[in-house]
Structures are given as structure tokens and as C-alpha cells.
Amino acid sequence: MLTRAAPTGLYVSRETKHRRILFLPRAISHYPHELTAPIDADGGGDYEGGNAALIQALDDCRSPRTLRSLHSRLLHRPRLLSDPAVQIKLMRALASCRDPHGARRVFDGAPHKNAVFFNVMIRSYVNHGLHGHAFRLFADMSLRHHVRPDNYTFPCVLKACAGSDHLAGGLQLHGAVTKLGLDTNIFVGNTLIALYWRCGGLSDALRVFDEMPTKDVVSWNAMIAGYAQNGQYDRAIELCEKMVALRKPKPDAGTMASILPAMSNTNQTDIHLIRKMFDEMGKKDLVSWNAMIAIYANNSMSAEAVELFSRMEMAGVEPDAVTLASVLPACGDLSALSLGKKIHEVIERKRMLPSLVLENALVDAYANCGSLEAAREVFDGMNAKDVVSWTSIVSAYGMHGHGKKAIALFEQMRKSGLKPDPIAFISILSACSHSGLLNEGKYYFKCMTECYHFVPRIEHYACMVDLLGRSGHVDEAYDFILKMPIKPNERVWGALLGACRVHSNMEIGLAAADHLFKLVPEQSGYYVLLSNIYARAGRWEDVMSVRNLMTNKGIKKLPGCSNVELWNKVHTFHIGDRSHPQSKEIYEKLDVLMRRLKELGYVTETETALHDVEEEDKEGHLLVHSEKLAIAFVLVNTTPKTPIRITMNLRMCGDCHRAAKLISSIAEREIIIKHTKIFHHFEHGVCACGDYW
């Protein structure tokens, strides 16, 4: 049974449990196929003198205050205000100033309305999310005003259907436009694609797309966005590939934005495809640059993200908050402190603060660049803090080895009334692990499950295994894994194997390695860890067996490297590296340092290199590890007291850790070394980690 809801042509069906069904007025199906003027055809004449200036100001107006002044002036010129073209311009200006109700007052006051009036008003409602108003006005258009909808009307109403998930109404509109012969219209087709995707009609969206006689870039973008937003990433990328191959239409900023959801944690081939698409774009606007930078940042390609950001600046494109929020994490990954400071200056110059997104990103960036003080300064200066803000600063103190300060901040967050989320618990568990706070870590794991009733994720389990293993409780860590309600992954077994290397537990280490070789058979790091365990036990035949296994599988050890940012450039060093232009000065400085260290009783810890003696120089290879070369490079090129900041791609060896402590005392420098997301602060011959790492 149907009941009339209002004298608007819209009806409500009781049988659908209050789900709104749109029934189109019958009159629509009887309209002839001719179309009225486009929505941008104002139908006005020429204006002279002050009137022309007033109308131009109305077209350009985007400020409510300015618009009020212009509207007041129009009220004193009734003849001009009675011009339909001026009324339409005034409606558009009001809508653009977020006043759709003011636009409706002008609409209601217009004595003669054609389709353009209705199209502008309906579009105003849709753009402001007032979908019900749009539906009612659309129904009134034919029933009360007897004005024919045109090919600009239907896309607006279809967009209202999509915005309100009103599939039934959209289906009826599709039927109506088909009867009117408007289904081949490109604007109607594009809006139908968006409607069907929004309402879950995959096959219908694809059918509309395939049947469109002409497709523009909006058509392709709508399909790509539909696939990407509905998790069908491969099909979205395939469509991009096809679009690039056809070379018509050419991708635009909308294409880049549409494919973005499909480009998180993807492969290099797909990233190269999108980069090719980006490079071939004629005009690149801010949206295009932001999308490509975000794709690199989301796929841990930090160097590429920073390089593209530099190109964007050179192209004269001004970054916005989205750009900077994408680049800041890349700065942290690269420990590019000077670039992070430069971006901070841009943010302040553009007066983008306060902004939780940017401030949280700055805290993370500074912490990951080794500047805990700057991270804390940004945090303390925030007007408002959310859980992400507190999690960032807790994580910052944790990764810098200040576990107890991280706990104090975590408790301060709880006292502030904010409820920690699962990610916040990952941060505090990790902080406890890095500082050897075993009892505190166990407390927070129990608190998370019993007080906040969170179901532990694999990341929480990995933190607990790392905590137990680092603390020397390897057997307990192994039992913990065996009792996990979910299947352990690489991170869990990797944490256990690392603990077995530190504490020389061969039996459990072999069990962990067996699982890892099945999970990630090509990951060289775990073979090296197992080789280290054998070497410490003096089982050289087993060391050779592991090495031979790597050779047979074609697995090569990832070469270690150390990065230093100086003169706005990142300098990279490898073990025994002599490729740097300043190699002579670097090695001379290193020789001086080594003599001074030996005078203090320094002796190389050769045990740390046993696994690799066949590839590296057996005599003295520890003296030319990449981090030592990087330290010498900074000492050669900076003034006294300048902090030394180094980022490594692999874990620092014990010998270099001991050497860095002594060098910090000899050179009277603070040395900050980042490896595997953990920081070591060396100063006055002591490391902040307390040799617990």
C-alpha cells in the first residue's frame, strides 16, 4: 500500500520498512527529446557601466561579507535584479558562499523559471548534502511548474540518489532517462556510474560504462574510483593501464586521486605504471602531485617522495597541508632533519596551525629524525591533543630508550580522560620492550585485554615476544607463542630468533628459524641471524651450511649502509667504502680516532663479525664499518659540538656500539644513531640505552 508523503511527487512505501522509494511523476516520460539550454547558459543580455562591474563582481564573489554588500546594491536596482540571468548569478553566488537557503529565496522570488533555475537550485542542494530538498524540488519542477528536466537536471538528481544511497530512486531515474533518450548523454552516464558504485551495483556500473558511445576522462575516473574504493585494486590498476595504452582520454588529476586507494602496499610494477601516467600528464595540478607523493610515502619509498616534493617546489606548485602531511613521514624515515625543519617553517609561514594532522606528523617526523627535544616542543605547544598525539609522543620516547618517561606520558593521557586505542598499546608495549621494563609491559598487556577489552592483534603479540626475549626469558617467549590464539607471523618468530641470538639459545633459535624459512624463505636477515647463533657456539660447519644454503637459493645478504644528512644532501656509506670524494680525509680522521680509542683500551669485538669473515676483510674490517665512516665524515665537515646523526638500514653491531660511546667522549660530540627504528644517544662515553639493546 502506498501513501502520499507530500504534494511533491515523492511517495513512501510502508512495505519497505520506511525505506524511501522515489516514484517519478508520469509527466516526465511524456517529455519530448529536445533539451533546454545548458546550465551555464544564463540567457542574459549585455550590461553597461556600473551594472557590468556589479555583475562581474557577483560572478567572482566567494566571500559572504562581500556578497551581502553586492546583494544590497542589487536591491537598489530592481530592474537589474528582475533580470533572470542576474537572479541565476545571485543564486550561484549564494550557493558558493554556503547559503543554499538564501539561493532558494531568490529562486522563489523569480516569477519566470526555466530549467536553468531548477538545475542551479537542485545542484545547490546536492552540493550541500540536502538531498531530500533536491528530490522535492525535482518533483515540483514537473508537477507544479511544468518545466522539462534536461540532460543537466538528471545528473544532479542522480547525484542526490548516490549521496543518500537511494538506489531505488536511481533505478527509476535511469529508466526515465532511457525513455527520453538521454541515457547516451555523457554527463548522465558518468553520474549513473557513480550512483551504481555508491550503491553496490558493480555489474550495472560496468554495463553503463561499456554501453557509453563516448567516454571522457570523468567516465574512466568514475570506474577506476569505483573499483579502488570497493577493494578491487587489480581491476582499478588494469583500467589505468588500459587508459595509458589507449592514450585517449588523457589521465588527469581526478585519475590520480581515483587510483590512490588502490596504491597502498602495492608492487613496484604498479607504482611505475602510475608514475608513467603522472609524467605523461600535460598539466599537473596540486592534486596530481599530492597523489603521487602519497603513493610513494604509502609504499615506504621515502627517497622518491622527498625527491618528487623537491620537483614540485621547482615547478612552482605551492604545497598544501595534504602535501606536507605526506612528506613529513618520509623525512622521518630518511632522518632528513633539515628538510623537516624547512617544512615546519613553511607550515608556520602559511599559518596552517593549529592542525592536529600536521602537528602529529611533525611530532613523528622530529622523533624519527632523532630530535626528541623538537618533537616534545611541538607536542607541548599543541592547543588540543587527541589519542594520535599522545601515541606519537609515547612512541617517540620509547624508540629513544626512555621507557619510564613513555609510561609517565601514557598515564598522563589516561588521566586526561582519553581512552587509549590498540595502536597506543602497541606504542607503550614497544617502549617497555626497548627499555627492558618486563613487569610494566606485562601489566599493560593485561590492562589492554581486561580493562579496555581489546582483542590483541598480531602486533601486540610480537611486542610481548620481543619484551620477553630481550629480557632473557626466551623459554617463556616461546611458550607464549605456542599459546597464541592466532597464527604467529614473521614478526613474531623474527623477534624470538633475535632474542635467541642475543642470549645464545640454539635450540629455540633453530625452531624459530625453521618457521621463518617457511614463511619468508627469501629473507636474508634470518639466515644471517641463524649463522650468528652457530658462530657464537663455535659450530663452523653449520655456519658454512647456512651460507651454502643461501648461495644455492640465490639469497644475498643485504649490504649494510649508513646515511648522513649534510648540506641538504644525504650521504651514504657502505663497509670499506672509498667512493666518496672525501675518502682520503675520512680515512685519515678514522685512523686518528682508532689510535685514540686503542689508547683508551679499545679492542675490536671480532665475535660480531664471525658470520661474514669470508666476504669482508678478515683483518680490520670492523674498523671500516659504515657507521664509523659516517661518524668520521661528519667530524671532518662540521664544527665542534655539532651533533652527529646517522641512520642505518641494519642493526648496529656490538663493536660499533662500543666504539661510538668512546668517540662521543673523545670528540666531545653527541652521536645519535638510528637502526631498526631504535635510537642510540651517545654522549660523554655513555649510551642512553644503558647497553640494553
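Asker: Give me the environment of Thr178: which residues, what numbers.
Answerer: In this structure, Thr178 sits in helix H9 (residues 167–179). Looking at Thr178, the relative accessible area reads 38%, which means it is partly exposed.

Asker: Describe unusual backbone geometry, naming the residues involved and giving the relevant values.
Answerer: Comment: phi is negative for the bulk of residues other than glycine, and the bulk of peptide bonds are trans. Residue Pro249 is reached from Lys248 by a cis peptide bond, and omega for that bond is -5°. Within the secondary structure, Pro249 is located in the loop between helix H13 (233–246) and helix H14 (253–259). Going from Leu353 to Pro354, the amide bond is cis rather than trans, its omega being 5°. Of note, Pro354 is situated in the loop between helix H19 (337–349) and helix H20 (356–368).

Asker: Now, about the side chain of Ser258: what can you tell me, with residues and values included?
Answerer: The residue Ser258 is located in helix H14 in this model. Side-chain polar atoms of Ser258 contact the backbone oxygen of Asn221, separated by 3.4 Å. Here Gly254 takes part through its backbone oxygen, which lies 2.6 Å from a polar atom of the side chain of Ser258. Each residue touching Ser258, except ones within four places of it in the same chain, is listed here: Asn221, Ile224, Ala225 and Ala228.

Asker: Lay out the nonpolar core in plain terms, naming residues and giving numbers.
Answerer: A general tendency of soluble globular proteins is for nonpolar side chains to be buried together. One finds Ile274 and Leu496 to be the most contacted residues of the largest nonpolar core, which totals 181 residues. Sorting elements by how many residues they give to this core places helix H6 (residues 115–127) first, with nine residues. One finds Leu590, Val634, Ile663 and Ile666 within the second-largest nonpolar core, a separate group that totals 34 residues.

Asker: Before we move on, can you summarise helix H29 (residues 506–519) with the specific residues and values?
Answerer: Here H29 is 14 residues long and its end C-alpha atoms lie 20 Å apart, about the 20 Å a rise of 1.5 Å per residue gives. Taken together, the buried positions of H29 are Met506, Ile508, Gly509, Ala512, Ala513, Leu516 and Phe517. Check the buried side of H29 and you find it contacts helix H27 (474–482), helix H28 (490–503) and helix H30 (524–536). Residue Asn505 occupies the N-cap position of H29, its side-chain oxygen lying 3.1 Å from the main-chain nitrogen of Ile508.

Asker: Give a description of the state of the cysteines that names residues and reports values.
Answerer: Using the criterion set out here, one finds zero disulfides in the structure. Cys97 forms no disulfide, and the closest cysteine sulfur to it belongs to Cys61, at a distance of 4.5 Å. Accessibility expressed as a relative area gives 11% for Cys97, which makes it buried.

Asker: Kindly report on helix H4 (residues 84–96), identifying the contributing residues and their values.
Answerer: Taking 1.5 Å as the rise per residue, H4 with 13 residues should run 18 Å; its terminal C-alpha atoms sit 18 Å apart, in good agreement. Judged by how many residues are buried, H4 sits mostly within the fold: ten of 13 residues are covered. Buried within H4 we find Ala85, Val86, Gln87, Ile88, Lys89, Leu90, Met91, Ala93, Leu94 and Ala95. Capping the start of H4, Asp83 holds a side-chain oxygen 2.9 Å from the backbone nitrogen of Ala85, two or three residues further along.

Asker: So, the packing of aromatic side chains: which residues are in play, and what are the values?
Answerer: Summed over all chains, the structure comprises 20 aromatic pairs. Summarising the aromatic geometry, the rings of Phe209 and Trp220 are spaced 5.4 Å apart at their centres and angled 90° between planes, so their arrangement reads as edge-to-face. Placement of the pair is Phe209 in helix H11 (residues 202–211) and Trp220 in helix H12 (residues 217–229), with a sequence separation of eleven residues. The residues Phe209 and Trp220 share a single accessibility class, namely buried.

Asker: Give me the lowdown on the sheet that holds strand S5 (residues 569–574), citing residues and values where you can.
Answerer: Pairing is mixed across the open sheet formed by six strands, whose spatial order is S5-S4-S6-S7-S8-S9. Looking at the sheet topology across the chains shown, the edges are occupied by S5 and strand S9 (686–687). In the sheet, strand S4 (residues 561–566) pairs with S5 via six bridges, with the strands oriented antiparallel. In the sheet register, Glu565 faces S5, and the bridge partner there is Val570.

Asker: Describe in detail the pairing of strand S8 (residues 678–683), supporting the description with residues and values.
Answerer: Of all six residues in S8, five are buried, a share of seventy percent or more. Strand direction decides the pairing type here: strand S7 (residues 671–675) and S8, joined by five bridges, are antiparallel. Across the sheet, His675 pairs through a bridge with Ile678, a residue of S8. The antiparallel hairpin formed by S7 and S8 contains two residues in its connecting segment, where Thr676 sits at a positive phi of about 45°. Pairing of S8 with S9 involves two bridges; the strand directions are antiparallel. Bridge assignment links Glu683 to a residue of S9, and that residue is Val686. Counting the residues between successive antiparallel strands, the hairpin from S8 to S9 contains two residues, one of them, His684, with a positive phi of roughly 55°.

Asker: Explain the pairing of strand S6 (residues 644–648) residue by residue, including any values.
Answerer: In terms of burial, S6 is largely enclosed, as four of its five residues are buried. Looking at chain direction, S4 and S6 are connected through two bridges and run antiparallel. Pairing of Asn563 across the sheet is with Thr647, part of S6. By the bridge criterion, five bridges tie S6 to S7 in an arrangement that is parallel. Within the sheet, the bridge partner assigned to Arg645 lies in S7 and is Ile672. For the handedness criterion, the β-α-β arrangement of S6, helix H34 (residues 654–666) and S7 is classed as right-handed.

Asker: Tell me about the environment of Met243, and name the residues and values.
Answerer: In this fold, Met243 is placed in helix H13. With relative accessibility at 0%, the residue Met243 sits in the buried group. C-alpha separation for the pair Met243 and Val157, spaced 86 residues apart in sequence, amounts to 29 Å. Among residues more than four places away in sequence, those in contact with Met243 are Val217, Trp220, Asn221, Ile224, Lys248, Pro249, Lys250, Pro251 and Thr255.

Asker: Requested: an account of the packing of helix H15 (residues 268–279) against helix H16 (residues 286–298), with residues and values cited.
Answerer: The angle between the axes and the distance between the axes are what describe a pair of packed helices. Between H15 and H16, whose axes approach to 11 Å, the crossing angle comes to 160°. By the angle between their directions, the pair H15 and H16 is classed as roughly antiparallel. As for how H15 packs across H16, the hand of that crossing is left-handed. On H16, the residues that touch Ile271, Ile274, Arg275 and Phe278 of H15 are Ser288, Trp289, Met292, Ile295 and Tyr296. Looking at side-chain class alone, the contact of H15 with H16 contains seven nonpolar, one polar and one charged residues.

About the cut-offs
- Residue numbers run consecutively from 1 along every chain, following the written order of its sequence.
- Where totals are concerned, whole chains, interfaces and linings use all residues; where local detail is concerned, this predicted model gives features only for residues with pLDDT of at least 70, and gives and counts side-chain atom pairs only at 80 or more.
- Only hydrogens and water are removed before side-chain values are computed, so all heavy atoms of the structure are retained for them.
- Each helix is a run of H or I in the DSSP string that is no shorter than four residues. Each strand is a run of E no shorter than two, and both are numbered from the N terminus.
- With a 1.4 Å probe rolled over the protein chains alone, any residue whose accessible area is under 20% of its type maximum counts as buried; one over 50% counts as exposed, and the rest are partly exposed.
- Here a polar contact means two N or O atoms within 3.5 Å. Within protein one must be a hydrogen donor candidate and the other an acceptor candidate, and residues neighboring in sequence count only if both atoms are side-chain atoms.
- Whether two residues are in contact is decided by their heavy atoms, any of which lying within 4.5 Å being enough.
- Residue types Ala, Val, Leu, Ile, Met, Phe, Trp, Tyr and Cys, when buried and joined through side-chain atoms within 4.5 Å, form a set referred to as a nonpolar core.
- Here the expected span of a helix is defined as 1.5 Å times the quantity of residues minus one.
- To count as a disulfide, a pair of cysteine sulfur atoms needs to be within 2.5 Å.
- Stacked, edge-to-face and tilted are the three classes for Phe, Tyr and Trp ring pairs, Trp counted by its six-membered ring, which pair at centre distances within 6.5 Å; planes under 30 degrees apart are stacked, over 60 edge-to-face, the rest tilted.
- A strand pair is defined by DSSP finding two or more bridges across the two strands.
- Assignment of crossover handedness uses the view with strands pointing away from the viewer, where a clockwise path from the first strand over the helix to the second indicates a right-handed crossover.
- The angle between two axes is taken between their N-to-C directions and runs from 0 to 180 degrees, where each axis is a line fitted to C-alpha atoms and a helix contributes only its stretch in contact.
- The scheme is simple: roughly parallel for angles under 35 degrees, roughly antiparallel for over 145, roughly perpendicular for 65 to 115, oblique for anything else.
- Helix crossings are classified by the rotation of the near helix relative to the far one: an anticlockwise turn of less than a right angle makes the crossing left-handed, while a clockwise turn makes it right-handed.
- Polar here means any residue other than Ala, Val, Leu, Ile, Met, Phe, Trp, Tyr, Cys and Pro, which are nonpolar, and Asp, Glu, Lys and Arg, which are charged; Gly is therefore polar.

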